[in-house]
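Close look at the chain arrangement
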Amino acid sequence: MTTPAYSLENPLAATGSATTAKPATSKTPAVKPSAGAALYDRALAEAHELIARPVRGGGPARVRVQHAKHRMTVWERIKVLTREDPSLLWHNWGPALDGASIVTGILKIEGRDVAVYGHDFTVRAGSMDATNGDKLARIIYMAAEKGIPLIGMNDSAGAFVPAGVGGLDGYSEAFRALRKISGVVPSLSVMFGYNAGGGAYLPRQGSFMIQCQDTFIGLTGPGVVKSALGEEVTADDLGGPGVHGQNGVCDLVTDDELGSLRTAVRLLGYLPDNNHSHAPYTETSDPIDRYTVEEDLLFRRAFSTPAGMNAPCDITLYLQQIVDHGEYFELQPQRARNMITAFGRMGGWVVGFVANNSAVSSGQIDVDAAEKATRFIRFCNLYNIPIIFLEDTTGFLPGTEQERRGIILAGRKLLDAIIDVRTPRITMIIRNAFGGAYAAYNSHYVGADRVFAMPMARVAVMGPGGGVEFVYKDEQRKVEREYREAEKAGDPDAQRKLDEGRAALTAAYEDELMNPKEALSLGSVSSLVVPGESRRVLTQHLEFLMRSYTPTAMSGPQREHE
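Predicted model, so just to flag it, every value in this text is computed and none were measured.

**Focus on the overall build of the protein**
On a plain count of helices and strands, the protein comes out with 21 helices and 17 strands. Counting over 562 residues, the protein shows a buried share of 49%. Excluding contacts between residues fewer than 6 apart, the proportion of contacts in the protein whose partners are at least 24 apart in sequence is 74%. A total accessible area of about 26,600 Å² is found for the protein, and carbon and sulfur atoms account for 56% of it.

This is the structure in structure tokens:
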């Protein structure tokens, strides 16, 4: 009987490949790989190459160029957003099967599923063609279908010119998709590099835009402006963060790309997944019933100055006393600081704060402040976030400039947004609440669930400057008549008597009408809150309102932007 020969050689390995042992000396012929096995190995090799191709992007040379500009690659940006490996979708999209210069996928960010897209600037400068737009629209719609937030990392030169109208079609499809999910899931647009044309329009359709230094956003670049208008302008002066941080195009400005990405993650922590869920609730060790002595000191020191009850007061100092652990997240901090919009937590619940800031322009509401507040209120309303209004304003800003800019229209939009709020909402009147601003600013009769007032609140139709003339018209005429007679008679104390008479009328007006008493008697104010007790009162009522509130989507089409 012939003894069989054994071999450790891989029978499926290609001819001439290395083995782990010497071939057998038997004369038995070696097993040849079948044609099917060769095709299988070739398919595996091609698969590995296709899987790796998008990650390689434009290659090492293009990555070095990106780094030379102090910019990350899209893959490095993803690593900042999450430490977990991304679940990439539709890697090889486009005629060249190269990923078509845009990356799409699902990330795990602090335990939450988040849809993400990012332009790969190392491939065709991140430009868009028709297949790109289709791929981008697909991830956008998927975010809405699955009810998860969307983060877009924008770094694109715009439409891919060689693709002709296909590039414009790609943007058009993405425009439509992002508009359709507005009000369904929140979306964050993080801006990198140079974004013009469609690259500027598309991300601004999102909920919030974050822009860092040394970036550009504009409909056209400086070159086009010069050729069309003959105007010399730098990219930074035309569309840098200093410009867009003040005009409202971008909501947050950061120093660099790392700051933008980390800011996006922090902001995401205040946002719900979709329009039928609560924002993330976080247990807090900050007692809700604590007495905050710093709150009392803040007002005591402010109103003990020579300006008295007319002293400016930075409302953010009050805000940090009432939120959990003093932490809040302000939106559009570079713009219209007479109106503060911010997210914070009270008793673990995410709350939107809309606050007049008398430290800037006496807290008067101008066009920019009204637009800033309107957009924020609409977002909170769509995404089931309760709102607390902190009121300290002498009214809407008068003047020809404001009228020409449309303060009536801006004020009406603010009023409409407040009336439409369906989430729990509370007003705390800190000090001034005059005229139309009081009536429009979440008063009891436009739908506030609770209206509280500080003891020093001055609720009135108008301030003493105009109110005295209406209420004490006869008395004021008498004081002025006596002044003219005394001056004519050469009385050296005429001016002093006039000043004293006017001051007495102002004091009488403030004592009789500039206080919360009438509002209390009419039920327009629920109750007074002593400084130091704000956190306890606001949080207790907020928790009661949230216990009976069920988050749901708005009925009918509602968007974040009008």
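Structure's up, so let's keep going.
**Some words on the confidence of the model for the protein**
Residue-level pLDDT values for the protein average 86, and 88% of them are 70 or greater. pLDDT under 50 marks residues 14–24. Its contacts with residues more than four places away, or in other chains, come to 5 contacts.

**A few points about the pattern of salt bridges**
Scanning the model with the defined rule gives 22 salt bridges in all. Between Arg 112 and Asp 273 there is a salt bridge, and its shortest N-O distance comes to 2.7 Å. Here Arg 112 is found in strand β3 (residues 112–119), whereas its partner Asp 273 is found in the loop between α10 (257–268) and α11 (293–303), with 161 residues between them in sequence. Owing to a relative accessible area of 27%, Asp 273 belongs among the partly exposed residues under this scheme. A salt bridge links Glu 371 to Arg 335; the nearest nitrogen and oxygen atoms lie 3.0 Å apart. Taken together, the positions of Glu 371 in helix α13 (residues 367–382) and Arg 335 in the loop between β10 (328–331) and β11 (339–346) put the pair 36 residues apart, joining distant regions of the chain. Judged by its relative accessible area of 6%, Arg 335 falls in the buried class.

**Considering the environment of Leu 252**
Summarising the element assignment, Leu 252 is placed in strand β9 (residues 252–254). Overall, the relative accessible area of 7% leaves Leu 252 in the buried class. On a C-alpha basis, the gap between Leu 252 and Met 209 in space is 6.6 Å, while along the polypeptide they are 43 residues apart. Not counting residues up to four positions away in its chain, the partners in contact with Leu 252 are Met 209, Ile 210, Gln 211, Thr 263, Leu 267, Phe 329, Glu 330, Leu 331 and Pro 333.

**Brief notes about the pairing of strand β5 (residues 187–191)**
Counting buried residues in β5 gives 5 out of 5 residues, a clear majority hidden from the surface. Here β5 shows a buried face lined by Ser 187, Ser 189 and Met 191 and a second buried face lined by Leu 188 and Val 190. Summarising the sheet, strand β4 (residues 150–154) and β5 pair through 5 bridges and their orientation is parallel. Counterpart to Leu 150 in the pairing with β5 is Ser 187. In this fold, β4 hands off to helix α5 (residues 165–181), which returns the chain to β5; that crossover is right-handed.

**Examining α5**
The end-to-end C-alpha separation of α5 is 25 Å, in line with the 24 Å expected for 17 residues at 1.5 Å each. Buried within α5 are the following residues: Gly 166, Gly 167, Gly 170, Tyr 171, Ala 174, Ala 177, Leu 178 and Ile 181. Projection of α5 onto a plane perpendicular to its axis shows the buried side chains occupying an angular sector of 140°, all on one side. What points out from α5, more than 90 degrees from its buried face, is the exposed set Val 165, Leu 168 and Arg 176. Phi for Gly 183, located one or two positions after α5, is positive at around 90°.

**Focus on the pairing of strand β13 (residues 387–393)**
Two faces make up the sheet, and in a regular strand the side chains alternate between them. In terms of residue burial, β13 counts as a mostly covered element, since 7 of its 7 residues are buried. A two-sided burial pattern is seen for β13, the buried positions comprising Ile 387, Phe 389, Glu 391 and Thr 393 on one face and Ile 388, Leu 390 and Asp 392 on the other. Where strand β12 (residues 349–356) lies against β13, 4 bridges are found, and the strand directions are parallel. Directly across from Ala 355, in β13, lies its bridge partner Leu 390. Handedness of the crossover joining β12 and β13 through α13 is recorded here as right-handed.

**Details of unusual backbone geometry**
Non-glycine residue Ala 336 carries a positive phi angle of around 45°. Note that Ala 336 resides in the loop between β10 and β11. You can call Ala 336 buried: its relative accessible area is 16%. Located in the positive-phi region is Asn 384, a residue other than glycine, with phi close to 60°. By the secondary structure assignment, Asn 384 is in the loop between α13 and β13. Among the residues examined, Asn 384 registers a relative accessible area of 2% and is labelled buried.

Reading guide: rules and limits
Residues numbered from 1 in each chain as written. Predicted model: local features only at pLDDT ≥ 70, side-chain atom pairs only at ≥ 80, totals over all residues. Heavy atoms only, no water. Helix = DSSP H or I, 4+ residues; strand = E, 2+ residues; numbered from the N terminus. Buried < 20%, exposed > 50% of the residue type's maximum accessible area, 1.4 Å probe, protein only. Contact = heavy atoms within 4.5 Å. Areas by Shrake-Rupley, 256 points an atom, 1.4 Å probe, with all protein chains shown as cover. pLDDT = per-residue confidence, 0-100. Salt bridge = Lys/Arg side-chain N within 4 Å of Asp/Glu carboxyl O. Pairing = 2+ DSSP bridges. Right-handed = clockwise from strand over helix to strand, strands pointing away. Expected span 1.5 Å × (residues − 1). Arc of directions from axis to C-beta.

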